[in-house]
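Spelled out from the first residue to the last, the chains are:
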Amino acid sequence: MTIYYFTATGNSLAVAKAFGGQLISIPSVMSQDRISCTDDVIGLVFPVYAYSVPYYIKCFLKKWHPQADYRFAVGTYGNYSGAVMQEFRKLAVKNGIPIDYLNTVLTVDNYLQGFDIRQEIARLPSKQTDQQIAAMLSDIQNRKVYCPGSSLAAKGITAVCKHFNNGKFRFTGQYFTDEHCILCQTCAKVCPTGNITVTDRVIFHEKCIGCQGCIHACPRQALHIKGEKSTARWRNPSVSLKELMDANRQSGKE
Ligand SMILES: Cc1cc2nc3c(=O)[nH]c(=O)nc-3n(C[C@H](O)[C@H](O)[C@H](O)COP(=O)(O)O)c2cc1C
């Protein structure tokens, strides 16, 4: 089994690790024109943004050629996922990729303008994330064919909100550092697009995909986004900071 994944705070990587097999981070292959792979089972794990498929994952789908007997996709989310996997299936089919199994995993919501991470951590046991992952792994091992159904309201929400994932949003100007910043470069090292340069200050360029990984990874909690509702930050306990840096290193970069 081979699993492609994208992760900002480790939730999606934790799911991919629990599933097992060979794990390939999307930033490590994203510069390729054609991303192909052959295996008996090939999967994708990614975070849900705005009740829909992140723009970064849409770009990945245009290049992805998974040759497999069985293909699956799992979206991780924190509170509400709308009809994201139905949107995903349509996008995959449009790109010539049939998907046999689609599902979502409910876990900590890392969206800082929406949620207080302390409250999210307190709610985590009630989300039964590990049980969901175990059930999905069993589904995948049994080659189950499945796509979650969704209500008309969920379809409507995703249909409206998917336009936030059109690649036109510019996040530059939303981030700022405070006096605790020691220019340690952690933010630059976890950025999946190489959007951050650290000189005598932290500089954000124009390639931000809005994942918020840099803010959560800052060891001094010195990096902020306008409108954040949380002073606490999150990294999935199954994933180390080094794993996040490795996962988000782009090909060709040290
Ligand atoms: C920009 C952004 C948008 C998000 N939108 C949603 C959403 O619509 N619904 C939801 O339940 N969670 C949302 N989340 C939370 C993430 O989907 C969730 O925390 C995910 O597990 C993060 O995975 P990662 O740690 O692998 O990056 C959003 C997070 C970010 C950063």
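The rules behind these values
Residues numbered from 1 in each chain as written. Predicted model: local features only at pLDDT ≥ 70, side-chain atom pairs only at ≥ 80, totals over all residues. Heavy atoms only, no water. Pairing = 2+ DSSP bridges. Helix = DSSP H or I, 4+ residues; strand = E, 2+ residues; numbered from the N terminus. Axes fitted to C-alpha atoms, helices over the stretch in contact; angles between N-to-C directions. Contact = heavy atoms within 4.5 Å. Buried < 20%, exposed > 50% of the residue type's maximum accessible area, 1.4 Å probe, protein only. Domains from an automatic or database assignment. Buried area = accessible area lost by both parts, 1.4 Å probe. Salt bridge = Lys/Arg side-chain N within 4 Å of Asp/Glu carboxyl O. Polar contact = N/O pair within 3.5 Å; in protein donor to acceptor, adjacent residues only side chain to side chain.

A word on the sheet that holds strand β7 (residues 101–106)
Read across the sheet, five strands follow the order β2-β1-β4-β6-β7 without closing on themselves; strand pairing throughout is parallel. Only two strands of the sheet have a single neighbouring strand rather than two, namely β2 (22–25) and β7. When strand polarity is set aside, the average angle formed by the axes of neighbouring strands in this sheet is 20°. Judged from the seven bridges that link them, strand β4 (residues 41–47) and strand β6 (residues 70–77) form a sheet pairing that is parallel. Looking across to β6, one finds that Val-45 is bridged to Val-74. Running over the sheet, helix α1 (residues 11–19) touches β1 (2–5), β2, β4, β6 and β7 and is turned about 140° from β6.

Things to note about the pairing of β4
The element β4 is largely enclosed, with a buried count of seven among its seven residues. Neither face of β4 is open: one carries Val-41, Gly-43, Val-45 and Pro-47, the other Ile-42, Leu-44 and Phe-46, and all of them are buried. Where β1 lies against β4, four bridges are found, and the strand directions are parallel. Paired with Thr-2 across the bridge in β4 is Ile-42.

Considerations on the domain arrangement of the protein chain
Along its sequence, the protein chain is organised into domain 1 (2–165) and domain 2 (175–247). For domain 1 versus domain 2, the separation of C-alpha centres amounts to 22 Å. Contact with domain 1, which involves 26 residues of that partner, is made by 26 residues of domain 2. Each partner contributes to the roughly 2,200 Å² buried at the junction of domain 1 and domain 2, and carbon and sulfur atoms together form 62% of this total. Across the domain 1-domain 2 interface, the total number found is one salt bridge. The partner of Lys-17 in a salt bridge is Glu-243, and the shortest N-O contact between them spans 2.7 Å. The interface formed by domain 1 and domain 2 includes 13 residue pairs in polar contact (both at pLDDT 80 or more).

Things to note about the pairing of strand β3 (residues 35–38)
Alternating positions in β3 separate cleanly, Ile-35 and Cys-37 being buried on one face and Ser-36 and Thr-38 remaining unburied on the opposite face. The sheet contact formed by β3 and strand β5 (residues 64–67) spans four bridges and is parallel. Opposite Ser-36, over in β5, you have His-65 as the bridge partner.

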